[in-house]
Amino acid sequence: MSHSRFTKLVPVLFVLLWSTGFIGAKYALPYIEPFYLLFIRMLMTLAVFTLLALIYRSSWPSLRQGGHQAVTGFLVHACYLGGVFAAIKWQMPAGIAAIVVGLQPLLTSLIGWQWLGQRLRGVQWMGLVMGLAGVVVILLNGQHSEVITFRPEAVAAVLIALFSISFGTLYQKRFGGKVDLLTGSIWQYLSTAIAMALLAFLFEERHVEWNITLMLSLAWLVFGLSVSAILLLMFMIREGEAARVASYFYLVPPVTSLEAWILFGEALSWIQVVAIGVTVAGVYLVLRPASGPAR
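Remember, predicted model here, so these are calculated numbers, not experimental data.

This next bit is on the overall build of the protein. Each helix and strand counted, the protein has 13 helices and 0 strands in total. Ordered by position from N to C terminus, the α and β elements of the protein give α-α-α-α-α-α-α-α-α-α-α-α-α. By the burial criterion, 53% of the 295 residues in the protein qualify as buried. Partitioning the contacts of the protein with sequence separation of at least 6, the portion at a separation of at least 24 is 91%. Within the structure as shown, the protein displays about 14,200 Å² of accessible surface, and the carbon and sulfur contribution to it stands at 69%.

In structure tokens:
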């Protein structure tokens, strides 16, 4: 497969993989506490990336570059995943948490505009707003029977997750472009593992009920998400503009809704179907090539 064809296929694979994250967490969390789950997941992921780096004889980053990768990992993995997991643990509905972190493409675009000078055309801003509107409708339409609770610590946690994934994406774009994806990921997951270890050993009892469901879920979270999806994300960040990459996150809730409909028989209303169309149209506007100079 040519490089150009692979590059076009990467966003599709990323959205499909990233959208399954809730499935693995949904199956795993009844048997293990969230921070301890993330800690074990990071250790397993570190082992996989170390083995791959040795097999492919990947070049190791300098200490300075490794430090930048550690910051990216702390933001993109530790703060984002830890913030979302903590918010849900503190009784924030998963759909509401997803809406808040769904602001990421807009926030990333705003920060990138100021920090990296990445200007967006008016039609791209409209696409970002359309995508957000579609995501909000999709998620709120599934909140009929859920009691919404806004504990202060949950709100703080999900806001930390939102700003962390946004800054982390831009930080990687600015400082991580020349680092090997495999060895760079080792630094990222090393800093994440340390952060999760501190949280798990300070605030959790670390009791685990090992069973086949937990083991299969953990395996998917490691190989499907932490290895495959993150490598695709880092590749997209390296190859494209931050705002264009971030816009793909808008497609995750629609794809997740479709997966839940197919796999679990969850209801999919006509309003959600229309909202999925609006979201896809919004992402298209962000990604559509410019026909003239940016305004």
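On to helix 9 (residues 181-203), then. Helix length check: helix 9, at 23 residues, gives a terminal C-alpha distance of 32 Å against a target of 33 Å (1.5 Å per residue), a fit within 8%. Looking at where helix 9 begins, the residue whose side-chain oxygen comes 2.9 Å from the main-chain nitrogen of leucine 182 is aspartate 180.

For the rest of this paragraph, the subject is the packing of helix 8 (residues 152-175) against helix 10 (residues 212-239). Close contact between helix 8 and helix 10 brings their axes to 9 Å; oriented N to C, the two are set at 60°. Judged on the interaxial angle alone, helix 10 and helix 8 are oblique. Both helix 8 and helix 10 take part in a crossing whose hand is right-handed. Of the residues in helix 10, those in contact with Thr169, Gln172 and Lys173 of helix 8 are Met234, Ile237, Arg238 and Glu239. Within the contact of helix 8 with helix 10, the residues separate by chemical class into 2 nonpolar, 2 polar and 3 charged.

Below, the discussion takes up the nonpolar core. If you look at the biggest cluster of nonpolar residues, it comprises 76 residues, and the most contacted ones within it are Phe14, Trp18, Tyr80 and Leu233. The element best represented in this core is helix 10, accounting for 14 residues. Excluding residues within four positions of it along the chain, tyrosine 80 makes contact with Trp18, Leu75, Val101, Ala161, Ser164 and Ile165.

This brings us to unusual backbone geometry. Most peptide bonds are trans, and most residues other than glycine sit at a negative phi. Phi is positive for arginine 57, close to 50°, though the residue is something other than glycine. By relative accessible area, which is 76% here, arginine 57 ends up exposed. Phi at arginine 206 is positive, roughly 65°, even though this residue is not glycine. Inspection of the secondary structure assignment puts arginine 206 in the loop between helix 9 and helix 10.

Attention now moves to a nonpolar patch on the surface. On the surface, a cluster of nonpolar side chains totalling about 450 Å² of accessible area is made up of Val137, Trp270, Ile271, Val274 and Val278. When residues of the nonpolar patch are assigned to their parent elements, the largest contribution, 4 residues, is made by helix 13 (residues 270-287). Here valine 274 shows up in helix 13.

For any two helices packed against each other, the geometry comes down to the angle between their axes and how far apart the axes lie. Interhelical geometry of helix 4 (residues 63-89) versus helix 8 gives an angle of 155° and a closest axis separation of 7 Å. Relative to helix 8, the element helix 4 lies roughly antiparallel. In this structure, helix 4 meets helix 8 at a crossing whose hand is left-handed.

As enumerated under the stated definition, the model contains 1 salt bridge in all. The shortest N-O distance in the salt bridge between glutamate 153 and arginine 151 comes to 2.5 Å. Judged by its relative accessible area of 30%, glutamate 153 is partly exposed. The class of arginine 151 is partly exposed, set by a relative accessible area of 26%.

Attention shifts here to the side chain of asparagine 211. Its place among the elements puts asparagine 211 in the loop between helix 9 and helix 10. At 3.3 Å, the side chain of asparagine 211 forms a polar contact with the backbone oxygen of glutamate 209. Here the side chain of asparagine 211 touches leucine 214 through a polar contact of 2.8 Å, landing on its backbone nitrogen.

Another aspect to go through is the packing of aromatic side chains. Throughout the structure, instances matching the rule amount to 6 aromatic pairs. Taking 6.5 Å as the distance between ring centres and 25° as the angle between the ring planes, the aromatic pair formed by tryptophan 18 and tyrosine 80 counts as stacked. Of this pair, tryptophan 18 sits in helix 1 (residues 3-18) while tyrosine 80 sits in helix 4, and the two are 62 residues apart along the sequence. Tyrosine 80 shares its class with tryptophan 18; the two are buried. Geometrically, the ring pair formed by tyrosine 36 and phenylalanine 39 is stacked, given 6.2 Å between the ring centres and 25° between the ring planes. You can see tyrosine 36 and its partner phenylalanine 39 sitting in helix 3 (residues 34-55), 3 residues apart, about one turn around the helix.

The rules behind each value
- Residues numbered from 1 in each chain as written.
- Predicted model: local features only at pLDDT ≥ 70, side-chain atom pairs only at ≥ 80, totals over all residues.
- Heavy atoms only, no water.
- Helix = DSSP H or I, 4+ residues; strand = E, 2+ residues; numbered from the N terminus.
- Buried < 20%, exposed > 50% of the residue type's maximum accessible area, 1.4 Å probe, protein only.
- Contact = heavy atoms within 4.5 Å.
- Areas by Shrake-Rupley, 256 points an atom, 1.4 Å probe, with all protein chains shown as cover.
- Expected span 1.5 Å × (residues − 1).
- Polar contact = N/O pair within 3.5 Å; in protein donor to acceptor, adjacent residues only side chain to side chain.
- Axes fitted to C-alpha atoms, helices over the stretch in contact; angles between N-to-C directions.
- Parallel < 35°, antiparallel > 145°, perpendicular 65-115°, else oblique.
- Left-handed = near helix turned anticlockwise from the far one by under 90°.
- Nonpolar A, V, L, I, M, F, W, Y, C, P; charged D, E, K, R; others polar.
- Core = buried A, V, L, I, M, F, W, Y, C linked by side-chain atoms within 4.5 Å.
- Patch = residues over 30% accessible without salt bridge, like charges linked within 9 Å, V, L, I, M, F, W, Y side chains within 5 Å.
- Salt bridge = Lys/Arg side-chain N within 4 Å of Asp/Glu carboxyl O.
- Phe/Tyr/Trp six-rings, centres within 6.5 Å; stacked < 30°, edge-to-face > 60°.

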